[in-house]
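# Analysis of the macromolecular model
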Amino acid sequence: MDKDKQLDLLQGTLDMLILKAVSLGPFHGYGILLRIQQISKGRLEIQQGSLYPALYRLEDQGWIASEWGESENNRKAKYYRLTAEGKRRLQTETENWNRMAHVIAGILRTTPEEV
Amino acid sequence: MWRRLHSWLRATHRSAVERDMHAELRFHVEAYAEDLVRAGVPRQEALRRARLEFGGIEQIKEQCRETRGMTVLQSLGQDLQLAIRMLRKNPAFLILAVLTLALGIGANSAIFSVVDAILLRPLPYPEPNRLVRLWESYPARGFFRNVVNPINFLDWRDNSKSFQDMAAIVGSSNNLNANGQPVAVPGLRVSPEFFTILEIPPVLGRTFVPEDGIAGRDHVVMLSYELWQSRFAGDPAVLDQKMGIDGLPYTIVGVMPRGFSFPKTKAEIWTPLPLARTEEWNSGRYLTTLARLKPGVTLEQARQDMARVASIAAEARPDFNKGWSAEVFPMLDDVTESISRPLWVLLAAVGLLLLIACANVANLILMRGAGRLREMAVRSALGASRRRLIQQLLVESLLLSVAGMAAGLLFAQFGLHSLLALIPRGAPLPRSEPITIDGRVLLFAFLASLGTAVLFGLVPALRLSRVDLQDALKQGTARGGVGGHQTLRRCFVVAEMALALLLSVGAGLMLRSFTRLTAVDPGFQPEHLLTLHVALAPSRYENDLKRSAYFERLLTEIRAIPGVRAAGSTHFLPLTETMSGSCFASGDGPKPTPAESPSSQFLIVSSSYFAAMGTPILQGRDFGQHDNFNAQPVAIVNHAFVDHYFSGQNPLVKRLWVCWDIDKPVEIIGVVADARQTDLEAAPEPTIFLSNAQAPMYFATIVVRTQGGDPGQIAHSTEDAIHRVDPDQAVSEVRTMQTVFSDSVASPRFEAILLGVFAALAVALAIIGIYGVVSYSVTQRTNEIGIRVALGARSSDISHMVLREALVLAAIALLLGFVASFALSRVLESLLFEVKPTDPFTLASVGCIIVAVSVLAALLPARRATRVEPTVALRYE
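Residues numbered from 1 in each chain as written. Chains lettered and ligands numbered in written order. Predicted model: local features only at pLDDT ≥ 70, side-chain atom pairs only at ≥ 80, totals over all residues.

## Looking at the confidence of the model for chain A
When pLDDT drops low, the exact placement of atoms in the prediction is not to be read closely. For clarity, the cut-off: Looking at any residue, its pLDDT shows the predictor's confidence there, from 0 to 100. Only DSSP runs of H or I reaching four residues or more are called helices, and only runs of E reaching two or more are called strands; each is numbered from the N terminus.
Summary statistics for chain A give a mean pLDDT of 83 and a share of 88% for residues scoring 70 or more. The secondary-structure element of chain A with the lowest mean pLDDT is strand β1 (residues 7-8) of chain A, recorded at 66, while strand β5 (residues 76-82) of chain A shows the highest, at 89.

## Things to note about the pairing of strand β8 (residues 248-255) of chain B
Residues and elements named next belong to chain B. Worth spelling out the cut-off: Strands are treated as partners if at least two bridges between them are detected by DSSP.
Where strand β5 (residues 204-205) lies against β8, two bridges are found, and the strand directions are antiparallel. What sits directly across from L204, in β8, is V255. Two elements, strand β7 (residues 242-245) and β8, share four bridges in a ladder whose sense is antiparallel. Across the sheet, the residue bridging to G244 is P249, located in β8. The hairpin turn running from β7 into β8, its antiparallel successor, is two residues long, and D246 in that turn takes a positive phi close to 55 degrees.

## Here's the deal with the nonpolar core
Residue and element names in this part refer to chain B. Note the following rule: By definition, a nonpolar core groups buried Ala, Val, Leu, Ile, Met, Phe, Trp, Tyr and Cys residues that connect through C-beta atoms lying within 7 Å of each other. The exposure label follows from counting other C-beta atoms within 10 Å of a residue's C-beta, where the C-beta atoms are placed from the backbone and the thresholds are 20 or more for buried and 12 or fewer for exposed, leaving partly exposed in between. Throughout the structure description, domain borders are defined by an automatic or database domain assignment.
Judged by nonpolar contacts, the single largest core of 175 residues is most densely connected at L353, M497, L503, F758 and A762. It is helix α18 (residues 483-518) that provides the largest number of residues to this core, a total of 18 residues. Shared between two domains, this core holds at least three residues of each, these being domain 3 (484-521 + 740-877) and domain 4 (537-728). One finds F163, F208, M222 and L287 within the second-largest nonpolar core, a separate group that totals 53 residues.

## Considerations on the domain arrangement of chain B
Residues and elements named next belong to chain B. The condition is simple: When residue character is reported, Ala, Val, Leu, Ile, Met, Phe, Trp, Tyr, Cys and Pro are called nonpolar, Asp, Glu, Lys and Arg charged, and the others, Gly included, polar.
Each assigned domain of chain B is listed with its residue range as follows: domain 1 (2-72), domain 2 (128-337), domain 3 (484-521 + 740-877) and domain 4 (537-728). Computed over C-alpha atoms, the centres of domain 3 and domain 4 are 54 Å apart. Of the residues forming the side of domain 3 that touches domain 4, the biggest block, three residues, is contributed by helix α23 (residues 737-744). Per-class residue counts for the side of domain 3 that touches domain 4 are six nonpolar, one polar and no charged.

Spelled out as structure tokens, the structure:
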């Protein structure tokens, strides 16, 4: 299996990735994208534009907040940061994900004798 | 204002949110591009790649908008702006759609305002649902609302347990003196409980107390607010003053508030009606009653209670009450009983009209929508979801229907005015509250227009929003992919025509019934006839002799006026829905009793009454000079009476006992032709006429036949003649008999005219509908027609082809419409006179009209089709 091949994002996981990215510090949208690509070492395929509806949704739900600030090259950019509520959300999402991954992995590992 | 709204909407559109979103996305693309430049990509190429990888900016914006809460308000604002722009681009569509809707909503609002004011609004008294009216009933003869005998009323009041209070009323005409001139003022004599039952307090003084209902202490009067203002200039000092009524002093004890009235009565003064168990009240039924149920008592309980009470009364006085029982009706139902069905029918009719209007507008939208497929496709390509497209289309519909409502309310205002003008003036309406376009009607119009918008907007919206992107964009012409719409539009048109047919059948039936009704021979000649009402004061004309002498002098004086051919009097004028009845028996047997003997209609008329009315005397003679008090009492009977009781015998030798104030048998001296009495519809019934000289009433209507011309011209000289005989005697209801005749058919005329107007509008809308569909299908088939012409089809073949489409639609509509009108035939049955709801003549003519108008509507497009040039048509593709 080619480990470097880009993977399509699983349904619903983009939100989690965004939350994780902004938990590392405030970023603008492009920065979030870069950060996710950086952490995933470029193995996740994210359509750039699709980031924004997700950002707006998360902000609408109160998990992230935004404000305008200066970017590294002195331009106005909108920065997102995690709210307290978002922090809790990220925690439960992470736990759920780990539990789910564990269960699914367990199922997939099952050999005929064990059934 | 338009412009302002527009710029406001634009401001909303470019709100901070939008600006921020735009800046944010742009920042992303540019930042990425810069990174690419830094990595060595040329600037132009970098920007291009950044945009490409980012994805469709507009699509993403749309998705962002949707994820935010802003969708509802802001997108509505956007849609509104878009809708206004779209509608302004297409004024012909706008005007046609708004006018159609205005017609539908306007007609509905006008009729609803009448239905609401008369049928739906609670009566203007506290806790009106506890108010009832009580009637005597004689189920075996089909009487369920008969006026009540006073002694029975007192028995009911003593024995019933369901009512808090019970009151009796009787109308009265009172002679008042105004600036030396006697005037007749309508009033009500009411038992004192009347005001306690209605629970309306006076604005001044008090209402009646039980002592006012005792004979001898009853010379007190309550004034209406209007009379108080006009006669006493609203002076509060009128209390305890004396006021002369019929020449007797009455003490003013109170004034009722402005607008106070009792349904179906006109009264400016109220005086007590003293009731006691005396001989005087023993016979005759003439009281109207009202009562208030005790709290918690149901109508059903009250009915059972009254049935029990009436059976006690029947046992106590079997000779008078055998076979009689009692009925209880809610007051609102009771006073609107005769008018509620016609009003509901009219409301249903305008409802159908609105449906037709909806179908028409839906078709307009579909037709226009065909040209908008590209717009829809582009919007959907730019990321608008289907929900969003539907929303936009519905906002357009809403805007149309709100505009339609605004214009419709203007129509309604105008329509209501002409509608109310059809109601005869001075008619005692079931409700006295004014009929206007008020808040409730506005609310109704608003809800109707909302419902309408959904009704005509939803189907086209669902249909148009289902765009096949590829198809629509590829085709590029306005004609793309709308075959399905045309089927839908045909369905709408068939529905429209079927509904128009249904309305036309209703209108046709009412019109035919009305024609039949007015063609009825009333049995008298209403032309050149003046009528006047005279009500004598019992205080001044206390005995029969004085009354008969008065009427004799009066008629002699009137007959002497130049231009008068004949004059007479009757106590109930024909066609005024009034009649009296009583019992009689053969003069050779024992005296009759009300319970056992046959009953007949009774009228008290003077000599020359028949001559004045133009009713021929068939046999024997008229009442004459010698038939006075001292002479043998005499009677005249009508042809129906002879037919029914003396068939094949000579009536002129018969004598009758009559249950009237005559204590020996009367001799039949003449037979007159039949005439309609209560109204034009009711066939003449057996009638006994007694002489006003031998059994005079306190009131009479004088009828005066002139030698020609407008009988109104002698009104003054006749009134003068009456005042010469008695200067204090008031005259009222001065009308020509033709007015009486015309007023008597006001209600069927009202229904026929309104239904006729609605049907005409419905047919007009249907014509527009057919025209639209057929002409659209000609446009669509231009190509095919061109080929046919090129292959040698003659122009008659082409026009037949087009007309066939219209005829097929008409045929389906005819079938559906007739099925519906058969199904609904029972609704109209009771409103029709001598016409069956399935009247073949009406059905056939309406069917012909519908087919004719369909052909008419298709003629224009058919002509256009025949002019198609094959070369042009083929290039069209």
